[in-house]
Amino acid sequence: VLLLKIDLYMNGMVMLHVRASKRCRKMGKDTEELMNELKLAKGLGEFIEENTDEFEELPLTDMLAEMLRKYDKNRIDVIKAARLDFTYGYQIFDGKKKPRREKLLQLAFGFPLSVDDTNRMLRAGGVSGLYVRSKRDVVCMYCLQQGTSLDECNTLLYQMGEDTLIKEDYDK
C-alpha cells in the first residue's frame, strides 16, 4: 500500500511524498546504496543525473514548515520549548537568521523531532548531522530517541562532561 502526500511550499516548490506502509518495502535508495554507487560511478555528472531524486535540497524555512505540519506544532510552542528568544526564533523560521548547530538542536528538542528528522533539519541548515562517533552527539541522539526535554538533555550532557546546548551554570 502506498501513501501519497503533496506539500506546496511558500517558494512555489511542490514536494511529493510517497511512502510505503509498514507491510511494503520503502521506496528510494538508502545511504549505503548511494555510497556504493558513487564509488563505482564512472563520473560525477552521471551519478548526479541518475540519482537526482535521491538528494534532499529543501531550504531550512521549508524544512521547518514541513516539520511543523508533520508534528502538528506551532512556532511559538516550539520556540518556547527550545528555550530560544522569541524574536530570534521567529527570525529562524522566517529565514532571516542562519542559526548555529546548537540552536538547531535546541529546535529539534522544541518539537521534539526524531533523530532522522533532526539530521534532515541540520543538513537543511547547512551544518553537520548528528554523528554516532561523537559522545556529545550520542547523548543528544539518545535524548531525542527517549523523548526527553531540552533541560534533561542539558543535564545529561553536563553529567557526561560534554558542552551543553544551552550555556548555564549547572553547578547550582
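Structural notes, computed from the coordinates. (Residues numbered from 1 in each chain as written. Predicted model: local features only at pLDDT ≥ 70, side-chain atom pairs only at ≥ 80, totals over all residues. Heavy atoms only, no water.)

## Details of the nonpolar core
Across soluble globular proteins, nonpolar side chains have a tendency to be buried as a group.
And then number 1: Leu64, Phe93, Leu107, Phe111, Met121, Leu130 and Leu165 are the most contacted members of the largest nonpolar core, which has 33 residues in total.
And then number 2: Of all the secondary-structure elements, those providing two or more residues to this core are α3 (60–70), α4 (75–81), α5 (86–93), α6 (101–110), α7 (115–124), α8 (135–146) and α9 (150–159).
And then number 3: Setting aside anything within four residues of it in sequence, one finds phenylalanine 93 in contact with Thr61, Leu64, Leu68, Arg75, Val78, Ile79, Leu107 and Phe111. (Core = buried A, V, L, I, M, F, W, Y, C linked by side-chain atoms within 4.5 Å. Buried < 20%, exposed > 50% of the residue type's maximum accessible area, 1.4 Å probe, protein only. Helix = DSSP H or I, 4+ residues; strand = E, 2+ residues; numbered from the N terminus. Contact = heavy atoms within 4.5 Å.)

## Structural notes on the side chain of asparagine 51
And then number 1: Secondary-structure assignment places asparagine 51 in the loop between α2 (44–50) and α3.
And then number 2: Take asparagine 51: its relative accessible area is 1%, and that puts it in the buried class.
And then number 3: A polar contact of 3.4 Å, which involves the side chain of asparagine 51, links it to the side chain of glutamate 37. (Polar contact = N/O pair within 3.5 Å; in protein donor to acceptor, adjacent residues only side chain to side chain.)

## A few points about the environment of methionine 160
And then number 1: Looking at the secondary structure, you find methionine 160 in the segment after α9.
And then number 2: Classification of methionine 160 as partly exposed rests on a relative accessible area of 40%.
And then number 3: Spatially, the C-alpha atom of methionine 160 lies 8.7 Å from that of lysine 135, the residues being 25 residues apart in sequence.
And then number 4: What methionine 160 contacts, discounting residues up to four positions off in sequence, is Lys135 and Val139.

## Focus on the packing of aromatic side chains
And then number 1: In the structure shown here, the tally under the stated rule is one aromatic pair.
And then number 2: Relative to phenylalanine 111, the ring of tyrosine 71 has its centre 6.1 Å away and its plane inclined at 55°; by these criteria the two rings are tilted. Here tyrosine 71, found in the loop between α3 and α4, pairs with phenylalanine 111, found in the loop between α6 and α7; they are 40 residues apart in sequence, far enough to count as distant.
And then number 3: For phenylalanine 111, a relative accessible area of 1% corresponds to the buried category. (Phe/Tyr/Trp six-rings, centres within 6.5 Å; stacked < 30°, edge-to-face > 60°.)

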